[in-house]
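Coordinates in review
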Amino acid sequence: MNTRVAEPEDAEDIACLVNTAFRPERFFIDADRTNPEKVRVLLQEGKFLLVEQGGTLAGCVYVELRGERGYFGLLAVDPQFQRAGFGSRLISVAEEYCRAEGCQFMDLTIVNLRTDLPAFYCRLGYAESGTLPFPSDQQANQPCHLVKMTKPLA
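To keep things clear, this report deals only with the structure shown in the data block. (Residues numbered from 1 in each chain as written. Predicted model: local features only at pLDDT ≥ 70, side-chain atom pairs only at ≥ 80, totals over all residues. Heavy atoms only, no water.)

Time to look at the pairing of strand 4 (residues 69-77). Consecutive side chains along a regular strand alternate between the two faces of the sheet. Summarising burial for strand 4: 8 of the 9 residues are buried, a large majority. Relative to strand 4, strand 3 (residues 56-66) runs antiparallel, the two being bridged by 7 bridges. Note on strand 4: the bridge partner recorded for glycine 59 is valine 77. Counting the residues that bridge the hairpin from strand 3 to strand 4 gives 2 residues, and of these glycine 67 lies at a positive phi of roughly 70 degrees. Where strand 4 meets strand 5 (residues 105-111), 3 bridges bridge the pair, whose relative direction is parallel. Of the residues in strand 5, the one forming a bridge with tyrosine 71 is aspartate 107. What joins strand 4 to strand 5 is helix 3 (residues 86-100), and the crossover it makes is right-handed. (Buried < 20%, exposed > 50% of the residue type's maximum accessible area, 1.4 Å probe, protein only. Helix = DSSP H or I, 4+ residues; strand = E, 2+ residues; numbered from the N terminus. Pairing = 2+ DSSP bridges. Right-handed = clockwise from strand over helix to strand, strands pointing away.)

Further remarks concern the pattern of salt bridges. It is possible for side chains of opposite charge to pair when their charged atoms get near one another. Enumeration according to the criterion identifies 10 salt bridges in this entry. Aspartate 30 is paired through a salt bridge with arginine 26; the nearest N and O atoms lie 3.4 Å apart. For aspartate 30, a relative accessible area of 63% corresponds to the exposed category. Since its relative accessible area comes to 31%, arginine 26 is described here as partly exposed. One continuous salt-bridge network, built from bridges that share partners, spans Arg4, Asp10 and Glu52. (Salt bridge = Lys/Arg side-chain N within 4 Å of Asp/Glu carboxyl O.)

Another point: the environment of leucine 90. Within the secondary structure, leucine 90 sits in helix 3. Linking leucine 90 and phenylalanine 27, residues 63 residues apart in sequence, is a C-alpha distance of 26 Å. Non-local contacts of leucine 90, meaning those with residues more than four positions away in its chain, are made with Leu49, Leu50, Val51, Gly59, Cys60, Val61, Leu75, Ala76 and Val77. (Contact = heavy atoms within 4.5 Å.)

Counting across every chain of the model gives 0 disulfides. Free cysteine: cysteine 98, not disulfide-bonded; nearest cysteine sulfur from cysteine 103 at 4.5 Å. Owing to a relative accessible area of 3%, cysteine 103 belongs among the buried residues under this scheme. (Disulfide = S-S within 2.5 Å.)

Attention now moves to the packing of helix 1 (residues 11-21) against helix 2 (residues 36-45). Viewed as axis vectors pointing N to C, helix 1 and helix 2 meet at an angle of 115 degrees, and their least axial separation amounts to 8 Å. As summarised for this structure, helix 1 and helix 2 are arranged roughly perpendicular, according to the angle between their axes. The two elements helix 1 and helix 2 cross, and the hand of that crossing is right-handed. Together, Ala11, Glu12, Ile14 and Ala15 of helix 1 and Pro36, Val39 and Arg40 of helix 2 make up the contact between the two elements. Residues belonging to the contact of helix 1 with helix 2 are distributed by class as follows: 5 nonpolar, no polar and 2 charged. (Axes fitted to C-alpha atoms, helices over the stretch in contact; angles between N-to-C directions. Parallel < 35°, antiparallel > 145°, perpendicular 65-115°, else oblique. Left-handed = near helix turned anticlockwise from the far one by under 90°. Nonpolar A, V, L, I, M, F, W, Y, C, P; charged D, E, K, R; others polar.)

Geometric descriptors of this kind do not, in isolation, establish any biological role.
Written as structure tokens, this is what we have:
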């Protein structure tokens, strides 16, 4: 399992991986989660950390430094590699990166309709810390909001 920082030329592969991994969200939003252009914009704000298995992109996570807080999102693992520890490994690498940059906390957001996710993140030390409105640039077919989760890194 090799990890590396994404380059701009990885944008298409990252977008494809994220859209494949986020298919379970199609019950409430009937659109791709991202595209190569959005990935390139995010690469100007933060970093995508990638994990590869046998030369194949197996997973990614977006990480952004926000003062004393780190943020991660777009955690995506190729379905053929899911439930094999790639997601947890990516979170660990993201936390290590933010900790090394002086962050005291790590934040993430999940959609409240993904009821399977809070337990996963709680097992990794995250706790719910508030809510946010669902992004206005995404059209959900039912009412929903984002749940903020936080973990101390110290």
